[in-house]
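Take a look at the letters that make up each chain.
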Amino acid sequence: MEKELDFRRLPASYKRCFLTACPRRADCLRAKVTDNVAQGELWGPAVYPAALGADGRCRFFRTGQPQVMAWGFGKLYYDTRHRDEVALRAAIKDYLGSEAAYYRVNRGAKLLTPEQQEYILGLFRKLGYSKGLEFEHYVETYDFRP
C-alpha cells in the first residue's frame with residue numbers, strides 16, 4: 001500500500017515536472033506532485049524539457065516511493081572512542097557540507113536519505129565499528145530534497 005503524499009511537508013521551492021513524454025513519469029515524485037497542484041496555484045519552480053536527456057534519463061528524477069529517512073546521531077557515538085568521535089563528527093560535517101547541516105540533521109530539521117545513511121555508517125565501519133550502528137530516529141516519507 002502506498003503512503004499518501006503529505007503536501008504540508010512539500011517545500012515551496014520543490015520543482016514540479018510537466019514533462020508528459022518522460023518515460024519515468026509514472027514513477028516520479030515530481031510528476032505526482034505536479035498532478036496534485038493545489039487549485040488556484042498559478043506558478044512555481046519547474047523542471048524544463050532540457051532536463052530530459054537523449055537517453056530518456058532526467059537529472060531531477062525522484063522516486064515516487066516513500067524512503068526510510070533518518071535523523072539524530074547520538075546512538076552512533078555510544079561505543080566510540082573519544083578520538084574517533086572527534087574525527088567522525090568532522091567527517092560527517094564535511095560530508096553534509098557544514099556544521100549547520102550536521103545540527104539540522106541531528107535535531108530532525110533535515111533528514112538523511114538511505115544513500116547518505118549508508119555513507120555515514122561506512123565511516124564508522126572503516127574505523128572498525130560494527131555493532132549498534134543506527135541513527136536515533138527513522139521515518140518513512142518522501143524525498144522532497146530540491
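Look a little higher up for the structure.
In this text, all values refer to a predicted model and were calculated from it rather than measured experimentally. (Residues numbered from 1 in each chain as written. Predicted model: local features only at pLDDT ≥ 70, side-chain atom pairs only at ≥ 80, totals over all residues. Heavy atoms only, no water.)

## Here we look at the environment of Ser13
1) Next: In this structure, Ser13 sits in the segment before strand 1 (16-17).
2) Next: The partly exposed category is assigned to Ser13, whose relative accessible area is 45%.
3) Next: The sequence separation of Ser13 and Pro45 amounts to 32 residues, and the corresponding C-alpha distance is 6.2 Å. (Helix = DSSP H or I, 4+ residues; strand = E, 2+ residues; numbered from the N terminus. Buried < 20%, exposed > 50% of the residue type's maximum accessible area, 1.4 Å probe, protein only.)

## Description of the environment of His137
1) Next: With respect to the secondary-structure elements, His137 resides in strand 4 (residues 137-141).
2) Next: Separated by 19 residues in the primary sequence, His137 and Glu118 place their C-alpha atoms 15 Å from one another.
3) Next: In contact with His137, other than residues within four places in its own chain, are Met69, Ala70 and Trp71. (Contact = heavy atoms within 4.5 Å.)

## Points about the pattern of salt bridges
1) Next: All told, the structure shown has 8 salt bridges when counted by the stated rule.
2) Next: Close ionic contact of Asp35 with Arg25 constitutes a salt bridge, the shortest N to O distance being 3.0 Å. With Asp35 in helix 1 (residues 29-35) and Arg25 in the loop between strand 1 and helix 1, the pair connects residues that are 10 residues apart, well separated along the chain.
3) Next: Asp35 sits in the exposed class, given a relative accessible area of 55%.
4) Next: Note that Arg89 is salt-bridged to Glu85, the shortest N-O span being 2.7 Å. One end of the pair is Arg89 and the other is Glu85, both in helix 2 (residues 82-96) and 4 residues apart, which spans about a single turn.
5) Next: Looking at Arg89, the relative accessible area reads 27%, which means it is partly exposed. (Salt bridge = Lys/Arg side-chain N within 4 Å of Asp/Glu carboxyl O.)

## A few points about the nonpolar core
1) Next: If you look at the biggest cluster of nonpolar residues, it comprises 18 residues, and the most contacted ones within it are Phe73, Leu76, Ile92, Leu96, Ile120, Phe124 and Phe135.
2) Next: Listed by contribution, the elements that provide at least two residues to this core are helix 2, helix 3 (99-107) and helix 4 (114-126).
3) Next: Here this core takes 4 residues from helix 4, the largest share from any one element.
4) Next: In contact with Phe73, not counting residues within four places along its chain, are Ile92, Leu96, Tyr102, Val105, Asn106, Leu112, Ile120, Phe135 and Glu136. (Core = buried A, V, L, I, M, F, W, Y, C linked by side-chain atoms within 4.5 Å.)

## Some words on the packing of helix 2 against helix 3
1) Next: Look at helix 2 against helix 3: their axes get within 7 Å of each other, and the N-to-C directions meet at 100°. Put simply, helix 2 runs roughly perpendicular to helix 3. On helix 3, the residues touching Arg89, Ile92, Lys93 and Leu96 of helix 2 are Glu99, Ala101, Tyr102, Tyr103 and Val105.
2) Next: In terms of residue class, the contact of helix 2 with helix 3 is built from 6 nonpolar, no polar and 3 charged. (Axes fitted to C-alpha atoms, helices over the stretch in contact; angles between N-to-C directions. Parallel < 35°, antiparallel > 145°, perpendicular 65-115°, else oblique. Nonpolar A, V, L, I, M, F, W, Y, C, P; charged D, E, K, R; others polar.)

## With respect to the state of the cysteines
1) Next: A complete count under the given rule lists 0 disulfides for this structure.
2) Next: Here Cys22 is not disulfide-linked; the sulfur of Cys58 is the nearest cysteine sulfur, at 5.8 Å.
3) Next: Judged by relative accessible area, which is 13%, Cys22 ranks as buried.
4) Next: Counting only cysteine sulfurs, Cys17 is the nearest neighbor of Cys28, a cysteine outside any disulfide, at a range of 5.7 Å. (Disulfide = S-S within 2.5 Å.)

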